[in-house]
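A closer look at the structure
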Amino acid sequence: MQIDVLTLFPAMFEGPLTESILKRAQEKELLTIRLHDIRGYTNDKHHSVDDTPYGGGGGMVMMPGPLIEAVEAVRGEEEQTPVILLTPQGRVFSQKVAQELAAHPRLILVCGRYEGVDERVRQSVVTDQISIGDYVITGGELAAMILIDAISRLIPGVLGARWAAEEDSHAMGLLEYPHYTRPPVFRDMPVPDVLLSGDHAVIQTWRRREAIRRTWQRRPDLLLTAELTEAERWFLAELAETDAPLPG
Ligand code: ADE
C-alpha cells in the first residue's frame, strides 16, 4: 500500500514512521509512505499557504491554490485514489473505517492546519473527510499518523502471524479479554487458574466471556451490534442483572 501525506510539517512524521512495526513494514516494502510539503506548491515569493478569512473572524484559513495543486500533482492520473481530509468535521474513524481504507492500494491524506481549509478544496479534490474523535487538535498531522498506524497493521504481513489483528479490541465488535504473562502470582495477584489449565476450549470460552464482561462494563454501546451466540446472550443477561456498567 502507498500512502501520500500532504502536510506543512513533514518532520512531525519522523518519529512514528521510523520505529517499530511501521519501520519494518516499510523495509519489507509492504508500505510506502511519501511525505509532501504543501509549501512546495506555492508560487509567490513568500511561499504563503494561508490568509485571513473573507467575512472576518479570527484565525487563518489555508488557501485553495497550494493545496489543490499539491493534490493534483501527487494524485496524477489515478483519479480513483481516495483523497482524505483530516478534519473534526469528518466521519468518525473506527476499526471498521480502518478496514475499509486498508482495502485500497493507495490513499492520499491531506492535513489541515489553522482554522481550516478553504471550502473549495473540499469541493474540488477531497473525496472523504475523517475525524479521529469529537475534540479539536492543532492540525491533521497527528490524526493522519493515527490513520496510518491503524490501517498499516491490517495490511497482510505487517504484523507477524502470531500477532494477527483478528482478536484485537474492536475487531470482533467487543473489547479484548484480559491478558496475563509470568509470573503466576505478582504481589498477591494470581493469574486466573483457567489460563494455567492448558484446556484450550475452556480458555476460549473464558476469554469470550471476559471480553463480553469488559465490554458490558466499559462500552455497553458496542453490545448493540456485537455478534453473540445464544449462550453468550444468556451470559450477558445474567451480567446485566448483577453488574452495572462503570460510570462515565
Ligand atoms: N484536526 C483537528 N482536529 C481533528 C480531529 N479531531 N480529527 C481529524 N483532524 C483534526
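Residues numbered from 1 in each chain as written. Predicted model: local features only at pLDDT ≥ 70, side-chain atom pairs only at ≥ 80, totals over all residues. Heavy atoms only, no water.

1. Regarding the overall build of the protein
A tally of helices and strands in the protein yields nine helices and nine strands. Once the C-alpha set of the protein is aligned to its principal axes, its extents read approximately 70 × 45 × 40 Å. In the protein, buried positions account for 40% of the 248 residues. Nonlocal contacts in the protein, meaning residues at least 24 apart in sequence, comprise 75% of its contacts between residues at least 6 apart. Of the roughly 14,800 Å² of accessible surface on the protein, a fraction of 53% belongs to carbon and sulfur atoms. (Helix = DSSP H or I, 4+ residues; strand = E, 2+ residues; numbered from the N terminus. Buried < 20%, exposed > 50% of the residue type's maximum accessible area, 1.4 Å probe, protein only. Contact = heavy atoms within 4.5 Å. Areas by Shrake-Rupley, 256 points an atom, 1.4 Å probe, with all protein chains shown as cover.)

2. Remarks on the pairing of strand 6 (residues 106–111)
The buried fraction of strand 6 is high, at six of six residues. Two elements, strand 1 (residues 2–7) and strand 6, share five bridges in a ladder whose sense is parallel. When the bridges of strand 6 are listed, Ile 3 appears paired with Leu 107. Here four bridges tie strand 5 (residues 83–92) to strand 6, and the two strands are oriented parallel to one another. (Pairing = 2+ DSSP bridges.)

3. Details of helix 4 (residues 95–102)
Taken residue by residue, helix 4 has Gln 95, Val 97, Ala 98 and Leu 101 as its buried positions. Burial along helix 4 is one-sided: seen end-on, the buried residues are contained in an arc of 160°. Looking at the buried side of helix 4, the elements it contacts are strand 5, strand 6, strand 7 (128–131) and helix 6 (140–152). (Arc of directions from axis to C-beta.)

4. Some thoughts on the site of the ligand
Taken together, the residues surrounding the ligand are Leu 86, Thr 87, Pro 88, Ile 130, Ser 131, Ile 132, Gly 133, Tyr 135, Val 136, Ile 137, Gly 139 and Ala 143. Here a nitrogen atom of the ligand sits 3.2 Å away from a polar atom, N or O, in the main chain of Thr 87. In this structure, Tyr 135 approaches the ligand through a main-chain N or O atom, which is 2.8 Å from a nitrogen atom. For the ligand, whose free accessible area comes to 260 Å², the fraction covered by protein is 96%. Breaking the shell around the ligand down by element, the ones donating at least two residues are strand 5 and strand 7. The dominant element in the shell around the ligand, judged by the number of residues it contributes, is strand 5, at three residues. When grouped by side-chain class, the residues that make up the shell around the ligand number eight nonpolar, four polar and no charged. (Near = heavy atom within 4 Å. Polar contact = N/O pair within 3.5 Å; in protein donor to acceptor, adjacent residues only side chain to side chain. Nonpolar A, V, L, I, M, F, W, Y, C, P; charged D, E, K, R; others polar.)

5. Topic: the domain arrangement of the protein
Once the domains are mapped, the protein shows domain 1 (2–152) and domain 2 (185–242). Distance from the C-alpha centre of domain 1 to the C-alpha centre of domain 2: 39 Å. (Domains from an automatic or database assignment.)

6. Considering unusual backbone geometry
Following Arg 182, the chain continues into Pro 183 via a peptide bond in cis, with omega recorded as 5°. Its place among the elements puts Pro 183 in the loop between helix 6 and strand 8 (185–186). Positive phi, close to 60°, is recorded for Glu 29, a residue that is not glycine. Of note, Asp 188 is a non-glycine position whose phi angle comes to about 65°, a positive value. In this structure, Asp 188 sits in the loop between strand 8 and strand 9 (189–190).

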